[in-house]
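One letter stands for each residue in the lines below.
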Amino acid sequence: MSSTNPFKSLLGKSPFTALQGHMRVVLECVHEVPPLFDALSRGDNDGVKSAKDRIFEREAEADRIKNELRNHLPKSLFMPVDRRDLLEVLQMQDSIADTAQDIAGLLVERPMDLPEFMQEPMLALTHRCVDVCEMSAKIIEELDELLAMGFRGREATRVEEMVGELNKIEDETDELGLELARRLFQHEDEIKPVSVIMWYQLIQWVGDLADYAEKVGDRLRLLIAR
Amino acid sequence: MEIIESYGLILMVMAIVFGLYMTWGIGANDVANAMGTSVGSGAITVKQAIIIAAIFEFAGAFIAGGNVTKTIRKGIIDPSSIVNNPEILVFGMLAALLAAAIWLMVASSRGWPVSTTHSIVGAVIGFAMVGIGIDAVEWGKVSMIAASWVVSPLLGGTIAFLLMMSIRRLILNTENPFQSAKRWGPAYIFLVGFVISLVTLFKGLKHLNIELTAGMSFVVAALFGIVLAAIGWYLINQVKVDPDADRDFHFASVEKVFTPMMIFTACAMAFAHGSNDVANGIGPLAAVVSIVQSGGEVSQKAALPLWILALGGIGIVVGLATMGYRVMKTIGSGITQLTPSRGYCATLAAAATVVLASRTGLPVSTTHIAVGAVIGVGLARGVGAIDLRVIGGIVVSWVVTLPIGGALAAIIFFTLKGMFT
């Protein structure tokens, strides 16, 4: 006799577990961005290429999880949070991986030398942006605790504080990005004009990593506030 | 009358065989659902669940199974118009048993969420309408039973919701949740023992020749609760903080405190299930035995013999031992969304509701109540996602089971009647 247990069909997979799994993959993807710029500053083309491959592979994996989660979120599911808010968080997380992919793609398709004057601040900016992503991933890991607490009480306050911290370090990356752009413009006559535009674009994109990570936190705050 | 006299023994043997078959089926399929929230949360293993179920299903059937049995046996049908043809009621009860058993076998082989309670009630009504007449059905009682099928899952859900909220307030949302869990754990175990035994004791043990006053019931239930709390306190004190697991999930150690607590709710649930669902098998059996032994007395004045309750308990345990293990294993892989604390709330709420229904003599569906209780936990924003399509399935099974059980019973009734007359 086969038996479909009503509790098994009632309690399928938690979308929060999938959301956390997605964020972990996104973070792995982002962790390959500093090696990308490291390799570039060393002039190590093979290193750039292999970092790009890893980023693309992780981004594809993140996409897969994203699609699976979206496909397994029928309207008949009763969730403690708004379905749309949850999908927004997922979308923001995915944008982080997409941005990493854009950065890696451009650096491989249009090989560029990282000018001496940009090397140190560029690496600093990248690392700080990764920090923001890490903070945001840490907040997503709190979802289990939020769920246990019904998205209220001490745990909600704790997450609010973490989001505050997230906003603070994101502000730092904005500063670093501006500073770097300023330096690029000071030296704009030393490199090819198209490269200037490309580098400006890259600075924006690296900053976007932190921007989207911040938005993950902001959306999560909305999710709690329902 | 002659039929009862000449075929009395055969009819009784048939009733015992059908009744045993029905309780065997309950043990094989239904118990797995009753233990679903306990095994699914990973608090107890499949093996432990089997042992707990064997002991407490029997205890529930034997100690508290009388009232629902009475309802199935003589609460649904008014036999006053057939006092001169008692064999009609005997055939009808046999038909109801067989119809329900067949329908359950078909349904569970296809994995449909069908309730034993609905099958047997539908079958008894179906036979009475066709075999005796529409007026022979006690519609007042039947509508009360039908209402309880809606109210009981709602009640289970409400209790589960309130329990979840209280656990958040007293344990999770505190400075040191682990310490709070250890402090309040015994109180929550007390609650399990107190509620279940109070409902059971309160004027409920007449058939065992134990009659307690309201005050005495209260005192005995409190004492029972305290004994359980003491055992629980000992078990809870063995639980140590697991800093590694806590890093990943801050409430991991707190959940470990709820694991021994789940043993008590699992026992309560098995007891509750036994007390309510055993009647589905032995209610009609008791009716047949009573009529045959009294020589054709349809009003069934004789008290329910204890051996019938025991027989029902044994049937459930045998079903559990032969098939239940396999069915239960399907949920043994764990339902990750159901942590021990959530499982505790859902299971206690369901057990309390079922025992209350048993005490009132209302045949309810343990599975539906447990589903209601899990949804109650979800409404407290405590579960990641609940697929509400299951409710649709339950409603459909309702709508389908009652007429099919009834129609099958009617067909079997006429077959039996033709065979013996």
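Residues numbered from 1 in each chain as written. Chains lettered and ligands numbered in written order. Predicted model: local features only at pLDDT ≥ 70, side-chain atom pairs only at ≥ 80, totals over all residues.

### Considering the overall build of chain B
What chain B contains, in helices and strands, is 15 helices and one strand. Its C-alpha radius of gyration of 22 Å places chain B within 12% of the 22 Å reference for a compact globule of 421 residues. Its C-alpha atoms give chain B principal-axis dimensions of about 75 × 45 × 35 Å. Per-residue burial for chain B yields a buried fraction of 60% across its 421 residues. (Helix = DSSP H or I, 4+ residues; strand = E, 2+ residues; numbered from the N terminus. Rg over C-alpha atoms; globule rule 2.2 N^0.38 Å. Buried ≥ 20, exposed ≤ 12 C-beta atoms within 10 Å, placed from the backbone.)

### Considerations on the overall build of chain A
If you tally the helices and strands in chain A, you get nine helices and one strand. Traced from its N-terminal end to its C-terminal end, chain A shows the element sequence α-α-α-α-β-α-α-α-α-α. Projected onto its principal axes, the C-alpha positions of chain A cover 75 × 40 × 25 Å. Among the 226 residues that make up chain A, the fraction classed as buried is 42%.

### Considering the nonpolar core
Residue and element names in this part refer to chain B. In this structure, Met35, Leu94, Ala95, Ala96, Val124 and Val288 are the most contacted members of the largest nonpolar core, which totals 219 residues. The dominant element in this core, judged by the number of residues it contributes, is helix α11 (residues 252-293), at 23 residues. Aside from chain neighbours lying at most four places away, what touches Ala96 is Ile120, Ala123, Val124, Phe127, Pro284 and Ala409. (Core = buried A, V, L, I, M, F, W, Y, C linked by C-beta atoms within 7 Å. Contact = placed C-beta atoms within 7 Å.)

### Concerning unusual backbone geometry
The backbone phi angle of Phe151(A) is positive, close to 60°, even though this residue is not glycine. Within the secondary structure layout, Phe151(A) lies in the loop between α7 (143-148) and α8 (153-186). The phi dihedral of Arg381(B) is positive, around 55°, even though this residue is not glycine. Note on Arg381(B): 20 C-beta atoms within 10 Å, which makes it buried.

### Let's talk about the interface of chain A and chain B
At the interface, 29 residues of chain A touch 37 residues of chain B. Sheet topology places strand β1 (residues 77-78) of chain A next to strand β1 (residues 386-387) of chain B; two bridges connect them, and they run antiparallel. For Phe78(A), the partnering residue across the bridge sits in β1(B) and is Ile386(B). (Pairing = 2+ DSSP bridges.)

### A look at the packing of helix α4 (residues 66-75) of chain B against α11(B)
Residue and element names in this part refer to chain B. Two elements in contact, α4 and α11, have axes whose closest approach is 7 Å; the angle formed by their N-to-C orientations is 40°. In terms of orientation, α4 lies oblique with respect to α11. α4 and α11 meet at a crossing whose hand is right-handed. For the pair α4 and α11, contact is made by Val68, Thr69, Ile72, Arg73 and Lys74 and by Asn276, Ala279, Asn280, Ile282, Gly283, Pro284, Ala286 and Ala287, respectively. Taken together, the residues of the contact of α4 with α11 sort by class into seven nonpolar, four polar and two charged. (Axes fitted to C-alpha atoms, helices over the stretch in contact; angles between N-to-C directions. Parallel < 35°, antiparallel > 145°, perpendicular 65-115°, else oblique. Left-handed = near helix turned anticlockwise from the far one by under 90°. Nonpolar A, V, L, I, M, F, W, Y, C, P; charged D, E, K, R; others polar.)

### A word on the packing of helix α7 (residues 139-172) of chain B against helix α13 (residues 340-360) of chain B
Relative placement of two packed helices is described by the angle separating their axes and the distance separating the axes. Residues and elements named next belong to chain B. Where α7 contacts α13, the two axes come as close as 8 Å, and the packing angle between them is 140°. Here α7 lies oblique to α13, going by the angle between them. Pair α7 / α13 crosses with right-handed handedness. Seen from α7, the contacting residues are Ser148, Ser152, Leu155, Gly156, Ile159, Ala160, Leu163, Met164 and Ile167; seen from α13, they are Ser341, Cys345, Ala346, Leu348, Ala349, Ala350, Ala352, Thr353 and Ala357. By residue class, the composition of the contact of α7 with α13 is 13 nonpolar, five polar and no charged.

### Focus: helix α3 (residues 33-42) of chain A
Residues spaced three or four apart along an α-helix point in a common direction, a consequence of the helix completing one turn every 3.6 residues. All names here are of chain A. Buried within α3 we find Val33, Leu36, Phe37, Ala39 and Leu40. Along the long axis of α3, the arc covered by the buried residues comes to 160°, so they all point the same way. Buried residues belonging to α3 abut α2 (15-30), α4 (45-71), α5 (83-109) and α6 (116-141). The positive-phi residue at the C-terminal boundary of α3 is Gly43, with phi of around 70°. (Arc of directions from axis to C-beta.)

### So, the environment of Arg359(B)
Here Arg359(B) lies in helix α13. In the structure, Arg359(B) is positioned 159 residues away from Thr200(B) in sequence and 6.5 Å away in space, judged by C-alpha atoms.

### Quick look at the environment of Asp82(A)
Residues and elements named next belong to chain A. For Asp82, the location among the structural elements is in the loop between β1 and α5. Take Asp82: there are 12 C-beta atoms within 10 Å of it, and that puts it in the exposed class. Taking the C-alpha atoms as reference, Asp82 lies 6.8 Å from Leu223; in sequence the two are 141 residues apart.

### With respect to the environment of Asp98(A)
Relative to the helices and strands, Asp98(A) resides in helix α5. With 42 residues separating them in the primary sequence, Asp98(A) and Phe56(A) have C-alpha atoms 9.1 Å apart.

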